[in-house]
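Structural characterization, general
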Amino acid sequence: MYHGVRDYDPNHPRLYVEMDKGDTVFFHPLLIHGSGMNQTQGFRKAISCHYASSDCYYIDVRGTTQENIENEVKELAQKKYGMDEVAFK
């Protein structure tokens, strides 16, 4: 799932990270990052890990800028897995 960045200035300085086969790079989830088209014969692998306290709770995102992401996840679950209901709690 790709989500664009609002008011992104393409002239903002960038840092390019060149990697060799087998390299690993870690990003903070709030860091704007991305890559161009894969120009190799292979494919890219990615793992997204999220940690949360056991006492965290769900925040209702209806009416916020995050609602579109919730709806996109629901649409993907319906299309890919046939799930009519998705519980985020």
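Presented here is a report on the structure given in the accompanying data block. (Residues numbered from 1 in each chain as written. Predicted model: local features only at pLDDT ≥ 70, side-chain atom pairs only at ≥ 80, totals over all residues. Heavy atoms only, no water.)

Here's the deal with the overall build of the chain
Using the following cut-off: Put simply, DSSP H or I for four residues or longer makes a helix, DSSP E for two residues or longer makes a strand, and each gets a number counted from the N terminus. Note on method: radius of gyration uses C-alpha positions; expected globular size equals 2.2 Å times residues raised to 0.38. Each residue is placed in one exposure class: buried if its accessible area under a 1.4 Å probe, protein chains only, is under 20% of its type's maximum, exposed if it is over 50%, and partly exposed if it falls in between.
Counting its secondary structure elements, the chain contains one helix and zero strands. Relative to a compact globule of 89 residues, whose C-alpha radius of gyration would be 12 Å, the chain shows 17 Å and is clearly more extended. Overall, the C-alpha framework of the chain stretches about 40 × 30 × 30 Å when taken along its three principal axes. Every one of the 89 residues in the chain was classed for burial, and the buried ones make up 3%.

Notes on the packing of aromatic side chains
The following threshold applies: Paired rings are identified among Phe, Tyr and Trp, the last through its six-membered ring, by centres lying within 6.5 Å, and are further divided according to the angle between planes into stacked (under 30 degrees), edge-to-face (over 60) and tilted (the rest).
Following the criterion strictly, the structure yields one aromatic pair and no others. Ring geometry for Tyr58 versus Phe88: centroids 6.5 Å apart, planes at 15 degrees, classification stacked. Pair noted here: Tyr58 is in the segment before helix H1 (67-81) and Phe88 is in the segment after H1, with a separation of 30 residues, a long-range link.

Notes on the pattern of salt bridges
Keep this limit in mind: One speaks of a salt bridge when a side-chain nitrogen belonging to Lys or Arg is within 4 Å of a carboxyl oxygen belonging to Asp or Glu.
In the structure shown here, the tally under the stated rule is two salt bridges. With a shortest N-O distance of 2.4 Å, Arg62 and Asp60 are connected by a salt bridge. Between Glu70 and Lys74 there is a salt bridge; the shortest N-O distance is 3.3 Å. With Glu70 and Lys74 both in helix H1, this residue pair falls four residues apart, about one helical turn. Given a relative accessible area of 33%, Lys74 falls into the partly exposed group.

Observations regarding the side chain of Glu70
The test is simple: Throughout this description, a polar contact denotes any pair of N or O atoms lying within 3.5 Å of each other; where both atoms belong to protein, one of them has to be capable of donating a hydrogen while the other can accept it, and for residues adjacent in sequence the pair is counted only when both atoms sit in side chains. The contact rule is simple, with two residues in contact once any of their heavy atoms fall within 4.5 Å.
The exposure class of Glu70 is buried, given its relative accessible area of 11%. At 2.7 Å, the side chain of Glu70 forms a polar contact with the side chain of Tyr58. Filtering out sequence-adjacent residues up to four positions away, Glu70 remains in contact with Tyr58, Val61 and Phe88.

Notes on the environment of Val86
Topologically, Val86 is positioned in the segment after H1. The spacing of Val86 and Lys74 is twelve residues in sequence and 6.2 Å in space, taken between C-alpha atoms.

Side note on the environment of Leu15
With respect to the helices and strands, Leu15 occurs in the segment before H1. Separated by 18 residues in the primary sequence, Leu15 and His33 place their C-alpha atoms 9.6 Å from one another.

A closer look at the environment of Phe26
As for its position among the elements, Phe26 is in the segment before H1. Between the C-alpha atoms of Phe26 and Ser54, which are 28 residues apart in sequence, the distance is 24 Å.

Points about a nonpolar patch on the surface
Using the following cut-off: Patch membership needs two things, relative accessible area over 30% and no salt bridge, and members are linked within 9 Å if like-charged or within 5 Å if nonpolar (Val, Leu, Ile, Met, Phe, Trp, Tyr). All accessible-area figures derive from a Shrake-Rupley calculation using a 1.4 Å probe, and residue coverage is judged against the displayed protein chains alone.
On the surface, Leu15, Val17, Met19, Val25, Phe27 and Leu31 cluster together into a nonpolar patch covering about 570 Å² of accessible area. Residue position: Val25 is located in the segment before H1. By relative accessible area, which is 36% here, Val25 ends up partly exposed.

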